[in-house]
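Summary of structural features
Here's the letter readout for the chains.
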Amino acid sequence: MIPLAPDQAAERQLGARCPVDLAGRLAPQGDLMIGACQGTLPPHLAALLVALPEQDIHLPRSWREREVRQKAWFKAVAGMGQRPDFIARLGDIWMRSFEGADSSTTTYLVSAPFDCADGALPNENAAEPVRLAAGDCGQAYVRQRVYLVGGDGVPQDITAKVMPAAPSIAEADRARHRTREGKISLDHSKLQYGPAMRWFVQYPESPQKTGPHSFSDWNREHLAFVVWNGTSFELRDTVTRAQWPCDPVAPGDKPCGGFPDSGPDAYVLAGSTVNSAVSSP
């Protein structure tokens, strides 16, 4: 369980204002952060956002330089390095750092408007593009990329090297997903606690049961986890509860009883052993 009253010392040292009341500590910011603090971005996150190559992100550097001086929501996350990892949201952009043993080199997962949607044909599998506040592109698709930043401060796009493709799905299972109107999604919400994301199929509310890999009380079907191992992301079939913590709940409420943690989940293990192999859903 994530403690309901973290000291948030790292955030406060950066001048952020953090919630002290119960409502504030349980308040979400989008679907990415619960009980986050508000202030100017941690300096290394701000530097990354400004330094992203102009050809990558469809927001001018001058606009980004102004925006990083505004208040944003962020929180510290226990990581593998000497300083904590951080996750932050600034409008439609969010970033998550992954510190390593070498404090001069940091990996970042960045979700931003990387693909311009102007003139592009609609894609039924893509989320709606976001309208952009500045630049030559009017609207763009938000994607995730992985950047490595060394001592020179120049971000290198290493997505193809360290981020695995979505799990493969047998054609029969794809047909079943379409018949049930299932939508494949990647859940980033637990990055605020640990190193993992999750591919899953979401079905509309229905009295029907999902397939053999169903989990939770919300008509979902497991595909795979995506876990940071210190040097790259890898697909795993299972994770430990420490890697996939439940959202905090109010005192007296059932642990792991909030959305989306309620219900059985055979893929989150209580022990410390995980399976790196990905099953075929």
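Our subject is the structure listed above.
Right, let's walk through the structure included here. Just so you know, these numbers come straight off a predicted model, no measurement behind them. (Residues numbered from 1 in each chain as written. Predicted model: local features only at pLDDT ≥ 70, side-chain atom pairs only at ≥ 80, totals over all residues. Heavy atoms only, no water.)

1. A short note on the side chain of His188
As a reminder of what qualifies: Each helix is a run of H or I in the DSSP string that is no shorter than four residues. Each strand is a run of E no shorter than two, and both are numbered from the N terminus. Relative accessibility decides the category of a residue: with a 1.4 Å probe and only protein chains considered, values under 20% of the type maximum give buried, values over 50% give exposed, and everything between is partly exposed. Throughout this description, a polar contact denotes any pair of N or O atoms lying within 3.5 Å of each other; where both atoms belong to protein, one of them has to be capable of donating a hydrogen while the other can accept it, and for residues adjacent in sequence the pair is counted only when both atoms sit in side chains.
By the element assignment, His188 lies in the loop between strand E11 (183–187) and strand E12 (196–202). His188 sits in the buried class, given a relative accessible area of 14%. Within polar-contact distance, the side chain of His188 engages the backbone oxygen of Leu186 at 3.3 Å.

2. Observations regarding the pairing of strand E6 (residues 93–99)
Rules: The pairing criterion for strands is at least two bridges between them, as found by DSSP.
Taking burial as the measure, the 7 residues of E6 include 7 buried ones, the bulk of the element. Side chains of E6 alternate between two faces, with Ile93, Met95, Ser97 and Glu99 and Trp94, Arg96 and Phe98 buried alike. What sits between the antiparallel neighbours strand E5 (residues 85–90) and E6 is a turn of 2 residues, in which Gly91 has the positive phi angle 65°. Here 6 bridges tie E6 to strand E7 (residues 106–116), and the two strands are oriented antiparallel to one another. Considered in E7, the bridge of Ser97 is made with Tyr108. The antiparallel hairpin formed by E6 and E7 contains 6 residues in its connecting segment.

3. A look at the packing of aromatic side chains
Here the distance between the centres and the angle between the planes together describe a pair of aromatic rings. Applicable threshold: Only the six-membered ring of Trp is used, alongside the rings of Phe and Tyr, when aromatic pairs are assigned; centres must lie within 6.5 Å, and planes under 30 degrees apart are stacked while those over 60 apart are edge-to-face, with the rest tilted. By the criterion adopted, a ring carries a charge over it if an Arg CZ or a Lys NZ lies within 6 Å of its centre and within 35 degrees of its normal.
Taken as a whole, this structure holds 8 aromatic pairs when the rule is applied. Between the aromatic rings of Phe98 and Trp228, the centroid separation amounts to 5.2 Å while the plane-to-plane angle is 40°, which identifies the pairing as tilted. One end of the pair, Phe98, is in strand E6; the other, Trp228, is in strand E14 (residues 220–228), and 130 residues separate them in sequence. Residue classification places Phe98 among the buried residues on the basis of a relative accessible area of 2%. Between Phe200 and Phe215, the aromatic rings sit 6.5 Å apart at their centres with planes inclined by 85°, giving edge-to-face as the arrangement. Of the two residues, Phe200 sits in strand E12 while Phe215 sits in strand E13 (residues 214–215), which places them 15 residues apart along the sequence. Neither Phe200 nor Phe215 differs from the other in exposure class; each is buried. Through a chain of ring-to-ring contacts, three or more aromatic side chains come together here, namely Phe98, Trp228 and Phe233. Sitting above the plane of the Phe114 ring, Arg145 keeps its charged end 4.6 Å from the centroid.

4. A short note on empty space enclosed by the protein
To keep things clear, this is the line we draw: Grid spacing is 1 Å over the protein atoms alone, the probe is 1.4 Å, and a cavity is where that probe fits but cannot get out, while a pocket is an open set with protein on both sides within 12 Å along at least five of seven lines and lining residues have an atom within 4 Å of a point. Grid points are joined across faces, edges and corners, and a volume is the space filled by probe spheres set on the points. As a working rule, the residues Ala, Val, Leu, Ile, Met, Phe, Trp, Tyr, Cys and Pro are called nonpolar, Asp, Glu, Lys and Arg charged, and the rest polar, with Gly in that last group.
Per the counting criterion, the structure on display carries 1 cavity of 30 Å³ or more. Taken as a whole, the largest cavity holds about 110 Å³ of empty space. What lines the largest cavity is a set of 15 residues, and nearest its centre among them are Arg198, Trp244, Pro260, Asp261 and Asp265. Split by residue class, the lining of the largest cavity holds 6 nonpolar, 2 polar and 7 charged.

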